[in-house]
Structures are given as C-alpha cells and as structure tokens.
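# Structural features, examined
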Amino acid sequence: MTAEYDKLSMIADFFNTQDRRMRYEGDPGLEHLSEPRRLYEWFLQHQLIAASDTVSEEDLQLTRALRDELRRTIVNNEHDGPVHGDKLVELMSLFPFGIVFGEHSDQLIPLVENGRKGLANLLAQVFDLRRANLWHRIRVCTAEDCQWVFVDRSRPGTGRWCSMKACGNRAKNKTFREKRKSETGM
Ligand SMILES: [Zn+2]
C-alpha cells in the first residue's frame, strides 16, 4: 500500500500548489504554479518529466485547468460545485496513451512530450488510484477558510478536516457557539 499512499500524497500536493488557506480576511491564497519554471520544478521533483524536458506557458494553463476540474472530483468537495463531465472529457482527449503489458502489472505510457508528458504521467497515477478504489482517500478540508487537500489514512477514510487539532476544533467550537446562541436566544 505504501506505493499507493505515495501516489496519493503526490496528488494532494498537486492540488495544494494552489494553496487556498486564508491567513487573514480576504487572503486570495497562494498560487505556487505562477510561471512555467515553477511547474517544471514541480514535475521534476515528482519525477514526472526528465531534466531535459521543457515546460511552456500553454502547459501551465492546461495544468491549472486540469487541477480545477480534477479538484471537483474529490468526493467530499463542497467548495467547488459539481464535476463538469464534458470539460473533463475534453481535457482528457489531449492525452493519448499507449499500454504496456508487463509481467506483474500493466502500464499507461504517455504519447506526448515535455510538459504535457508530466501531466500525462500524473493522470496515469490518478487513473491507477481510481481503479484501485483509493480516490476517496483524497479529501479536502471542509473549513471554508482552509480547503487544504490531504490524504486520509484512517480506516474509515471519511475525514472532514485536514487537522483535528486546528480546523476540526475550530468547527466544533463554532457549532457549540451557534448552538448556545440559539438555546439562550442571545
Ligand atoms: Zn483545514
């Protein structure tokens, strides 16, 4: 399972390249993929491209679009609205794959180059995780001012907060305060 959890961590990290955590009122969050160079470094760090590959502005725009659409497929995502099926199909049509039959497992091999290959390799891992019924372990924190994406390693795999200590307690206290308000009419 370790390999699968490594893949899950990588995917969570991908979503968090758009860090939506609000540190102050009106904080727009942080876009880590601000330029092609950043995406190149991210792909390289996760071994999705080779050092000699290049990443273009177009790859960057495609990555962000794909990140937005994939984020909608996170099963407990209440922040981004429903999955745009057509849009996903349209995006996926840009990624042709070959299949290599191996002795122990089969593999999807991207038929595209450079930055797009990085994305295709990422998508192949998404495909593996979904097929292994592990996609639900990618969760997004339900706190509106957090929305951090995390991997739920608990047995039930139905976590709602990135951290029970921070976001979980904050939500509980809020419910408690609201309950008390309605009870005392204050
Ligand atoms: Zn959180």
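Along each chain, numbering runs from 1 in the same order as the chain's sequence is written. Where totals are concerned, whole chains, interfaces and linings use all residues; where local detail is concerned, this predicted model gives features only for residues with pLDDT of at least 70, and gives and counts side-chain atom pairs only at 80 or more.

## A word on helix α2 (residues 36-45)
A residue is called partly exposed when the number of other C-beta atoms within 10 Å of its own lies between 12 and 20, exposed at 12 or fewer, and buried at 20 or more, with C-beta atoms placed from the backbone. Each helix is a run of H or I in the DSSP string that is no shorter than four residues. Each strand is a run of E no shorter than two, and both are numbered from the N terminus. All of the buried residues along α2 are Leu39, Tyr40, Trp42 and Phe43. Down the axis of α2, the smallest arc covering the buried residues is 165°, so these residues share one side. Relative to its buried face, α2 has exposed residues pointing more than 90 degrees away, namely Arg37 and Gln45. Here the contact rule is simple: place C-beta atoms from the backbone, and any two residues whose C-beta atoms are within 7 Å are in contact. Tucked inside the fold, the buried residues of α2 contact α3 (57-72) and α5 (114-131). The positive-phi residue at the C-terminal boundary of α2 is glutamine 47, with phi of around 55°. As used here, the arc belongs to the directions running from the helix axis to the C-beta atoms.

## A look at the UniProt feature "domain: Zinc finger CGNR" (unreviewed entry) in the protein chain
UniProt positions are given in the numbering used here, feature names are shortened, and annotations may be inferred rather than shown by experiment. In the numbering adopted here, UniProt assigns the feature "domain: Zinc finger CGNR" (unreviewed entry) to residues 137-180. In residues 137-180, helix accounts for 39% and strand for 14%; the two terminal C-alpha atoms are 34 Å from one another.

## Details of the packing of helix α1 (residues 2-15) against α5
Throughout, an axis means a line fitted to C-alpha atoms (over the contacting stretch in the case of helices), and angles, computed between N-to-C directions, take values from 0 to 180 degrees. Packing of α1 against α5 leaves a shortest axis separation of 10 Å and a crossing angle of 125°. Here α1 lies oblique to α5, going by the angle between them. Crossing of α1 against α5: the hand is left-handed. Residues Glu4, Lys7, Leu8, Met10, Ile11 and Phe14 of α1 form the contact with α5, whose own contacting residues are Leu122, Gln125, Val126, Asp128 and Leu129. Residue type decides the class: Asp, Glu, Lys and Arg count as charged, Ala, Val, Leu, Ile, Met, Phe, Trp, Tyr, Cys and Pro as nonpolar, and the leftover types, Gly among them, as polar. Looking at the contact of α1 with α5 residue by residue, the class counts come to seven nonpolar, one polar and three charged. Reported orientations rely on four angle classes, namely roughly parallel under 35 degrees, roughly antiparallel over 145, roughly perpendicular from 65 to 115, and oblique for the rest. Crossing chirality is assigned from the near helix's rotation relative to the far helix, an anticlockwise turn below a right angle marking it left-handed and a clockwise turn marking it right-handed.

## Points about unusual backbone geometry
The phi dihedral of asparagine 114 falls on the positive side, at around 55°, and the residue is not glycine. Within the secondary structure, asparagine 114 sits in helix α5. A positive phi is found at glutamine 147, a non-glycine position, where the angle reads about 55°. The topology assignment puts glutamine 147 in the loop between β5 (138-140) and β6 (149-151). Note on glutamine 147: 24 C-beta atoms within 10 Å, which makes it buried.

## Here we look at the nonpolar core
The term nonpolar core means buried Ala, Val, Leu, Ile, Met, Phe, Trp, Tyr and Cys residues held together as one set by C-beta atoms within 7 Å. Ranked by size, the top nonpolar core spans 30 residues in total, and within it Ile11, Ala12, Phe43, Ile138, Cys141 and Val149 carry the most contacts. When residues of this core are traced back to their parent elements, those giving at least two are α1, α2, α5, β5 and β6. At five residues, the largest contribution of residues to this core is made by α1. Leaving out residues up to four positions away in the same chain, cysteine 141 has contacts with Cys146, Gln147, Trp148, Phe150, Trp161, Cys162 and Cys167.

## Focus: the pairing of strand β3 (residues 97-100)
Only strands joined by at least two bridges in the DSSP assignment are considered to pair. Relative to strand β4 (residues 107-110), β3 runs antiparallel, the two sharing four bridges. Paired with glycine 98 across the strands is isoleucine 109, a residue of β4. Here β3 folds back onto β4 in antiparallel fashion, the turn holding six residues.

## Structural notes on the environment of proline 110
Along the polypeptide, proline 110 turns up in strand β4. Given 19 C-beta atoms within 10 Å, proline 110 falls into the partly exposed group. Those residues in contact with proline 110, other than ones at most four positions away along the chain, are Phe95, Phe97, Lys117, Ala120, Asn121 and Ala124.

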